[in-house]
Structure formats: C-alpha cells, structure tokens
Amino acid sequence: MHLPEVFLERMRKLFSDEEEWKQFLQSFSEEPKRGIRVNTQKLREAKKHGFSFSDWKKDWNLIPLFSFNYSDCEEEKGERGLVEDIQNNVPEDLQENSSEILEKTEVREFLVDESYLASQGITIGRDPYHEAGLYYIQDPSAMEVVPHMEIRPFDRCLDLCAAPGGKSMQIADRLDSKRGGFLLSNEYVGERARILSKNAERMGYANLSVVNESPAHLAALYPGFFSRILVDAPCSGEGMFRKSKEAVEDWSEELVEKCALRQKEILREAFTMLREGGILAYSTCTFERTENEDIREWIERENPDYRLLMEKRLYFHNSSGEGQYFAVFKKSGEEPAEEERELSYTVFQKNKMIFCYASQLRPFSELKLFRQGISIYEEGKKEWEYSHGLSHAVDLKDIFSIVEQRRPKTKYSLLYSLFLKRTDRRVEDYLLGNEIGVEEKEIEGIGELIEGKEHKAGISILYCDGLPLGFGYLRNGRLRNFYPKGLRYKK
Ligand SMILES: C[S@@+](CC[C@H](N)C(=O)[O-])C[C@H]1O[C@@H](n2cnc3c(N)ncnc32)[C@H](O)[C@@H]1O
C-alpha cells in the first residue's frame, strides 16, 4: 500500500517507541478483522422459541471482545464492570438460563474468525441470522466506545453522527423502552440517513427514531435534553486506509484541518444538548492528534464543568480492528433519577407509512423523520399491507396487539407462524424471493382451515430458528413470498 509521505511524517511523531512504529507500519499489510454485535433483545425472544445462544457461540467460534481496565471507572461500576463480571465470573449455564443475570450482564460484542466461518460455509454478511437482525457487523475497535458511555436502560440518548448505524444499534440495545430509554439517531447526509433507517428496521427497536437534521437545528430544539450523547465525528478517516483506497487518495493535511473545525462545530451543539450529570463521548476513526487529543483539550477548555472519564487510542496493531480514538466526559451536576412510568405506544401515519413507537419518542415527531420506532403498515396497490419492519420488531408480540387494535382499512391480519431451521434449504429460498412449500405440521397459528378446503390459508410470518424473517401468504401448502425485493439475496 502506498501511503502519503506527509501522513507518514505526521504519524512518526506519535511513536516514541521504535518497535511500536515498526508494528504500526507492518499492520498496514495485514487483513482487517470484523466483529459482530448481538441484538440481545432479539436473542431473548428467539430463546423463547428454543434458540440456543451457547450453541451459536460454539458453532461460530464467537470470541468475546474487551478486557477493560476497570480501575478508571470506580465511581460507577456501570456496564464495564458488568461485562467484566460476565467474562470472568458468570458460568456459561447461568448465562443461558437465568433471565435476571442475562438481562444485566449479557456480552454483546464478539470478534469473528471469518476464515473459520468460511470453512463452515458461513458468510456473516449473507446469513439468515443477519437478515433477521440478530447481529450487526461492526469494526471491533469501533465497538469499544459505547460500552464506556455507562448507558442505563432509561437514558435519553442522542447519536449525533449516526450513519450507517453501528454505534446507534449498540446504544439502542442497552436501552429499555419499558423504562423510558430511547435513542434519537441523527444523520446529516440524507442518503446515509436512508441506509441508517434500513439498518434500524432490521434491528427492530420501538424506542429509536432516525432523523436527518443538522446538529444546530437539534440544539435549538433540545437544550439540556439528553443524558447521553455520542459524537462519532466525520474525520480524515485514517482508520479506513486498509479498507479503502479512496480514503488514502482523499487524505491531505488540509482535510485534517477542515475536519477539526467541523468537529468543533458539531461538538458545540452537543454541549448545548447535554443535561446536568450527563455523559458525552467523542470518537473518530483517525489517528491525527489534531482531531483527537487536541479536540479533547479544547473540550476541556470550553467546559470546565466536564470531567474526563477516559481516553483511548486504538491502532491496527494494538486492537482487533481498524483503530479508533475516543474520549468520554461527565458533565457536573446531579443526574435526575429514573422516573416511574408505564410503557405506552403511539401509532402515527406519515405519508404512505404507519409507525408504532414507544411514546417517549413523541418530541421528535416533527423532525425530518426517516423512521419513528417500527413501521407497521405501508400503502400497497389495493390496501394497507403489513410493513416488513413489523416482522422485525424486537417486541413483536406487544406491537402486534397494538397493530390489531389500530388497523387501517384493510383485510390484512396475521394468521399463521411458520417455523423452519436455518439448515433447511427453504430459508435460503425464501431470502432469494422464491415461493416455498410448507407442511401442515410446520404451521402454528390462530387461523382455521377454510371450510371445504384442504389447506390453511392466510398471512403468515416465517421464522428461522425462532427469529422472524418476514411475511408471506400461505395457500394450498405454498408460501407466496413477501420478502422485500430490495432485500432479496442475489443468486
Ligand atoms: C464516522 S461517521 C459515523 C459512523 C456511525 N457512528 C456508525 O457507527 O456507523 C460520521 C458521520 O457524520 C456525518 N456528517 C457529515 N457531516 C456532518 C455534520 N456537519 N454534522 C453531523 N454529521 C455529519 C457523516 O455523513 C457520517 O455519516
């Protein structure tokens, strides 16, 4: 790989240790590694249908990530402590069986060995578990930021620079809609907000809004509103150099300076929106001091009431991923305690979609919305039809009861569930968009045999190993495929 001379000169200044400098250079010729972040809320539901997490971890050889130095976080044990507990102390069978421990301590982030998986015929980006939203593929070093944000299930979170959504989905998984937790996931660039919204649909959180706003507009509307804010800022992207030739070609010293200015602009808006006692995390995927430690110093100068909780610099050679810089701050002041509340859902229509969302998202309804919670219906050619997003809701059962109560004018009504195993060829067939044959014994549901007909008929939802994949129409022992065209596997 040819790296710009100026870049190398700048990097050289960061390494006082000759050996480490060599390791840094050497690491540019090594293959990038990837990780997956498990959607533990989906996992919990899938377990009710017999999904085994421990079998999956074993079969895929999933390697738990992170061994923090927890001493820098004594004040609040928070999640870092919990992750350590589970890695060191909680026996495997307890993780699997105790819902209480599971709720508090499940490890979510894993490194994957893709060559091992390839030998087993598994491609992480083309797998039914991926389509079902059981996991999100992410750079392992990028995964390290969110666990340091001390996110509590009831936090009011904002991800200001969110697309394509790795960190947003990591945050959302730590929140509990029933306890008032939510995430406003914002992306400034419209086309990227669309991708973010698609990823959010796959993961299925009812307490997540995807919006396309400028940080300044949000700051004008929500001063002191959020208890956790992430600014994963646009940067000069040196951490992308191994993956993208364009990132190397686009790099220049001017770009570094320009990025630093923009980072400050975005951060200023974030300062406005952080509430007393809240936590702000700043991160980049570049190695530049100008965009990292210099910005951290600037944040400290601008905000004497912020305390640095931790700062970390990850490179290719000292992490499992593509590198990351992050700094986490706590604003002084008392954080308000968790409020007693009951979960309620709101149903609302926007253009040709109907959404159902956890009501704490209501303050965001007037923003430039791409998604508010779960899309439940969309306007079809003849009538309202179930939206694909509905099949992916993590709290599908709750949402469905709302969906049925608040039906628009439509004959659509879910009648059956079909359960297939991932080893069944029909799962791939379904994802390719084909019609599949179904046996009576594979069908469960509320529908009755249509009088005088041999087979059951009606709208059905297809599960793979207990994970909902999408809808279809069952008739004469065949499932007509409703899997969205844009998502279907190519042959
Ligand atoms: C490093 S990426 C975010 C990655 C994301 N957090 C994730 O985990 O997938 C930075 C994002 O900031 C967006 N961005 C660009 N200009 C911006 C601006 N002026 N304000 C806020 N975000 C901006 C980019 O479009 C990009 O999607």
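Residues numbered from 1 in each chain as written. Predicted model: local features only at pLDDT ≥ 70, side-chain atom pairs only at ≥ 80, totals over all residues. Heavy atoms only, no water.

As annotated in an unreviewed UniProt entry, the protein chain is SAM-dependent MTase RsmB/NOP-type domain-containing protein from Oribacterium parvum ACB1. According to UniProt, the comment filed for the protein chain under the heading Sequence similarities (unreviewed entry) is "Belongs to the class I-like SAM-binding methyltransferase superfamily. RsmB/NOP family." (UniProt positions renumbered as here; feature names shortened; annotations may be inferred.)

Engineer: Where do I start with the overall build of the protein chain in this structure?
Structural biologist: Secondary structure summary: the protein chain contains 18 helices and 22 strands in total. The buried share of the protein chain, taken over its 491 residues, is 58%. Nonlocal contacts in the protein chain, meaning residues at least 24 apart in sequence, comprise 74% of its contacts between residues at least 6 apart. About 22,100 Å² of surface is accessible on the protein chain, with carbon and sulfur atoms providing 48% of the total. (Helix = DSSP H or I, 4+ residues; strand = E, 2+ residues; numbered from the N terminus. Buried < 20%, exposed > 50% of the residue type's maximum accessible area, 1.4 Å probe, protein only. Contact = heavy atoms within 4.5 Å. Areas by Shrake-Rupley, 256 points an atom, 1.4 Å probe, with all protein chains shown as cover.)

Engineer: Honestly, the UniProt feature "active site" (unreviewed entry) in the protein chain in this entry has me stumped. Any pointers?
Structural biologist: When the UniProt feature table is mapped to this numbering, "active site" (unreviewed entry) covers Cys 285. Considering the arrangement of structural elements, one finds Cys 285 in the loop between β9 (274-284) and α15 (293-302). Among the residues examined, Cys 285 registers a relative accessible area of 22% and is labelled partly exposed. When sequence neighbours within four positions are dropped, the list of residues in contact with Cys 285 reads Cys 235, Gly 237, Glu 238, Gly 239, Met 240, Gly 323 and Gln 324.

Engineer: What's the story with the UniProt feature "binding site: S-adenosyl-L-methionine" (unreviewed entry) in the protein chain in this structure? I'm lost.
Structural biologist: UniProt records the feature "binding site: S-adenosyl-L-methionine" (unreviewed entry) for Cys 161, Ala 162, Ala 163, Pro 164, Gly 165, Gly 166, Lys 167, Glu 187 and Asp 232 in the present numbering. Maximum C-alpha separation among the annotated residues is 12.6 Å over a sequence range of 72 residues, consistent with a single clustered spot. Cross-referencing the annotated residues with the largest pocket identifies Cys 161, Ala 162, Ala 163, Pro 164, Gly 165, Gly 166, Lys 167, Glu 187 and Asp 232 as lining it. Sequence-distant contacts of Cys 161, that is, excluding residues within four places in its chain, are made with Asn 186, Glu 187, Leu 230, Val 231, Asp 232, Ala 233, Pro 234 and Ile 266. Mapping Gly 166 onto the fold places it in helix α10 (residues 166-173). On the basis of relative accessible area, Gly 166 is assigned to the buried category, the value being 10%. Among all residues touching Gly 166, those that are not within four sequence positions of it are Tyr 136 and Gln 138. (1 Å grid on protein atoms, 1.4 Å probe; cavity = no way out; pocket = protein on both sides within 12 Å on 5 of 7 lines; lining within 4 Å.)

Engineer: In this structure, what is going on with the packing of helix α14 (residues 253-273) against α15? I would like to understand it.
Structural biologist: Geometrically, a packed helix pair is captured by the angle between its two axes and the distance between the axes. Packing of α14 against α15 leaves a shortest axis separation of 11 Å and a crossing angle of 35°. Judged by the twist between their axes, the crossing of α14 over α15 is right-handed. Counting all contacts with α14, which are made through Ala 260, Gln 263, Lys 264, Leu 267, Arg 268 and Phe 271, the residues of α15 involved are Ile 295, Trp 298, Ile 299 and Glu 302. Its residues assigned to classes, the contact of α14 with α15 shows 6 nonpolar, 1 polar and 3 charged. (Axes fitted to C-alpha atoms, helices over the stretch in contact; angles between N-to-C directions. Left-handed = near helix turned anticlockwise from the far one by under 90°. Nonpolar A, V, L, I, M, F, W, Y, C, P; charged D, E, K, R; others polar.)

Engineer: Can you help me understand empty space enclosed by the protein in this one?
Structural biologist: One simple way to see leftover space: roll a probe sized like a water molecule over the atoms. Within this structure, the stated rule accounts for 1 cavity of 30 Å³ or more. Roughly 50 Å³ of volume is contained in the largest cavity. Contributing to the lining of the largest cavity are Ala 200, Glu 201, Gly 204, Tyr 205, Leu 208, Arg 371, Gly 373, Ile 374, Ser 375 and Gly 389. Where the lining of the largest cavity is concerned, the elements lending two or more residues are α11 (190-203) and β15 (374-379). (Points joined across faces, edges and corners; volume = space filled by probe spheres on them.)

Engineer: So what exactly am I meant to see when it comes to the sheet that holds strand β22 (residues 478-481) here?
Structural biologist: Two pairing modes exist for strands in a sheet, parallel and antiparallel, and in both the strands are linked by backbone hydrogen bonds. What the 6 strands build is an open sheet, ordered β18-β22-β21-β20-β17-β19; its pairing is mixed. The open sheet has two free edges, formed respectively by β18 (436-437) and β19 (443-445), since each of these has just one partner strand. Sheet topology places strand β21 (residues 467-475) next to β22; 4 bridges connect them, and they run antiparallel. When the bridges of β22 are listed, Arg 475 appears paired with Arg 478. (Pairing = 2+ DSSP bridges.)

Engineer: Can you help me understand the side chain of Asn 292 in this one?
Structural biologist: The residue Asn 292 is located in the loop between β9 and α15 in this model. Polar contacts involving the side chain of Asn 292 include one to the side chain of Thr 284, which spans 2.7 Å. (Polar contact = N/O pair within 3.5 Å; in protein donor to acceptor, adjacent residues only side chain to side chain.)

Engineer: Before we go on, may I ask you to explain the site of the ligand in this structure?
Structural biologist: Neighbouring residues of the ligand: 17 residues in total, closest Ala 163, Gly 165, Glu 187, Arg 192 and Asp 232. The contact in question runs from an oxygen atom of the ligand to an N or O atom on the backbone of Pro 164, over 3.3 Å. For the ligand, the accessible surface in isolation is 600 Å², of which the surrounding protein chains cover 85%. With respect to the pocket detection grid, the ligand is positioned in the largest pocket. Across the shell around the ligand, the residue classes break down as 10 nonpolar, 2 polar and 5 charged. (Near = heavy atom within 4 Å. Sits in = over half its atoms within 2 Å of the grid points.)

Engineer: How do you make sense of unusual backbone geometry when you look at a structure like this?
Structural biologist: Excluding glycine, most residues fall at negative phi; most peptide bonds, likewise, are trans. The amide bond that connects Ala 163 to the next residue, Pro 164, takes the cis arrangement and shows omega of 5°. Among the structural elements, Pro 164 can be located in the loop between β5 (156-159) and α10. Non-glycine residue Asn 61 carries a positive phi angle of around 55°. Residue position: Asn 61 is located in the loop between α4 (53-60) and β2 (63-64). Accessibility expressed as a relative area gives 32% for Asn 61, which makes it partly exposed. The backbone phi angle of Asp 465 is positive, close to 50°, even though this residue is not glycine. When you line up the elements, Asp 465 lands in the loop between β20 (458-464) and β21.

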